[in-house]
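Residues per chain are reported as follows:
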Amino acid sequence: MSKPIAGVLPIVHTPFDDEDRIDASALADEIDWAFRCGADGCATGMVSELLRLTYDERRFLTERLAELNQGRGVFVASVGAESTKQAVEFATHAERSGADAVMAIPPTTTALGNEQTAAYFRAIADSISLPVIVQDASAYVGRSISLSVYGELLDEYGSERILFKPEASPIGPNLSALRELSGGAARVLEGSGGILLVDSFRRGITGTMPGMELLDGIVAIWRALQNGDDDTAYRVYFPICAIVALQMQAGLDGFLAIEKYVLRKRGVFRNEHRRSPNAWSLDQETAAEVDRLLGRMQQALAE
């Protein structure tokens, strides 16, 4: 019986040592941290720096995370690539490695039409028996996916095989449009880092895929929303919103820089090393504001 792809499934940040190699020990610490915080599993994605990993590193990350999550929670492997052949190879490798589902973005260097986009996702789904999360990561990279593609894939494969992670703006209205198109059948995960979590929850999402750095706060918000406890949800939500607003100012590099800074500050990572090149780095004044907001989040969690 397959594991439910639902709840809080944080995206793993790839730790590197001082020689720019994946730090396997820190990776294990990160997954331990996730489950201590109450995560339902984990996944790889854009903030895993997948597009900056070598082919062998990407396969290693999938294999190791499948091992670390075994018996603890669901593992979703991101398999999107620049060609259908690459994506299918990553997907079949993920299934062999023990992943519970895969997630894919479309190619980022080619402007695909609806027909080709749907064919790309069909090829992935047909190559494996696992659920496939169709990810629109156009807030970071690539182009948005048409709602008609979502509907076509859902009609063909059903909601047990095809899930969605739409990140094109405006996220809230797009979530509602997908819900209405599918008659509520579409299973949707959001990936706003937390800044749109409350709004997305009220629109019927099945789960959230935040970063790791604020995971204890995200889990608290998710549980509070499930319990109808708006006071707790908003109390924890507001400082997280402010931190994510700081991350968003520099796109993917802004998220990576602040996320790794916070993970190092919280003792999960040993350093803040990111794969180069990077277009933005954290300055002292932004770091000081992150520190203040992180303190407010921790205070809200203690209340």
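Let me sum up the structure you'll find in this document. (Residues numbered from 1 in each chain as written. Predicted model: local features only at pLDDT ≥ 70, side-chain atom pairs only at ≥ 80, totals over all residues. Heavy atoms only, no water.)

Quick notes on the sheet that holds strand β7 (residues 189-190)
On the basis of which strands lie adjacent, the open sheet formed by three strands has the order β1-β8-β7 and parallel pairing. The outermost strands of the open sheet, each flanked by one partner alone, are β1 (7-8) and β7. Of the strand pairs in this sheet, β1 and strand β8 (residues 207-208) are connected by two bridges, and their pairing is parallel. Opposite V8, over in β8, you have T208 as the bridge partner. (Pairing = 2+ DSSP bridges. Helix = DSSP H or I, 4+ residues; strand = E, 2+ residues; numbered from the N terminus.)

Examining the nonpolar core
Of all hydrophobic cores here, the largest spans 106 residues; its most connected members are I124, F164, M209, M212, L215 and I221. Excluding its chain neighbours within four sequence positions, the residues that come into contact with I124 are V79, A87, V88, A91, V102, A104 and V132. (Core = buried A, V, L, I, M, F, W, Y, C linked by side-chain atoms within 4.5 Å. Buried < 20%, exposed > 50% of the residue type's maximum accessible area, 1.4 Å probe, protein only. Contact = heavy atoms within 4.5 Å.)

Observations regarding the side chain of N271
Within the fold, N271 resides in the loop between α10 (251-265) and α11 (284-302). At 3.0 Å, the side chain of N271 and the backbone oxygen of F16 are in polar contact. (Polar contact = N/O pair within 3.5 Å; in protein donor to acceptor, adjacent residues only side chain to side chain.)

Focus: the pairing of strand β4 (residues 101-104)
Of the two faces of β4, the one lined by A101 and M103 and the one lined by V102 and A104 are each fully buried. Sheet topology note: the strand β3 (residues 74-78)/β4 ladder contains three bridges and is parallel. Bridge assignment links V76 to a residue of β4, and that residue is A101. Note on the crossover from β3 through helix α3 (residues 84-97) to β4: the handedness is right-handed. Here β4 pairs with strand β5 (residues 132-136) via three bridges, running parallel. (Right-handed = clockwise from strand over helix to strand, strands pointing away.)

Some details on the packing of aromatic side chains
Applying the stated criterion across every chain, the model contains seven aromatic pairs. Both rings, one in Y120 and one in F121, keep their centres 5.1 Å apart while their planes meet at 80 degrees; by these two values the pair is edge-to-face. By the burial criterion, Y120 is buried, and F121 matches it. Among the aromatic residues, ring-to-ring pairing joins Y234, Y237 and F238 into one connected group. Seen from the ring of F90, R58 lies directly overhead, with NZ or CZ sitting 4.1 Å from the centre. (Phe/Tyr/Trp six-rings, centres within 6.5 Å; stacked < 30°, edge-to-face > 60°. Lys NZ or Arg CZ within 6 Å of the ring centre and 35° of its normal.)

Observations regarding empty space enclosed by the protein
Taken as a whole and judged by the stated rule, the model has two cavities of 30 Å³ or more. One number sums up the size of the second largest cavity: a volume of about 30 Å³. As for the second largest cavity, its lining consists of P15, F16, D17, D23, A26, F269, R270 and N271. The residue inventory of the lining of the second largest cavity, partitioned by class, reads four nonpolar, one polar and three charged. (1 Å grid on protein atoms, 1.4 Å probe; cavity = no way out; pocket = protein on both sides within 12 Å on 5 of 7 lines; lining within 4 Å. Points joined across faces, edges and corners; volume = space filled by probe spheres on them. Nonpolar A, V, L, I, M, F, W, Y, C, P; charged D, E, K, R; others polar.)

Points about the packing of α3 against helix α4 (residues 114-127)
Running from N to C, α3 and α4 point in directions that differ by 30 degrees, and their axes come no closer than 9 Å. With respect to each other, α3 and α4 are oriented roughly parallel. Note that α3 runs across α4; the crossing there is right-handed. Between α3, through T84, A87, V88, A91, T92 and E95, and α4, the contact on the second element is made entirely by Y120, A123, I124 and S127. Here the contact of α3 with α4 is composed, by residue class, of six nonpolar, three polar and one charged. (Axes fitted to C-alpha atoms, helices over the stretch in contact; angles between N-to-C directions. Parallel < 35°, antiparallel > 145°, perpendicular 65-115°, else oblique. Left-handed = near helix turned anticlockwise from the far one by under 90°.)

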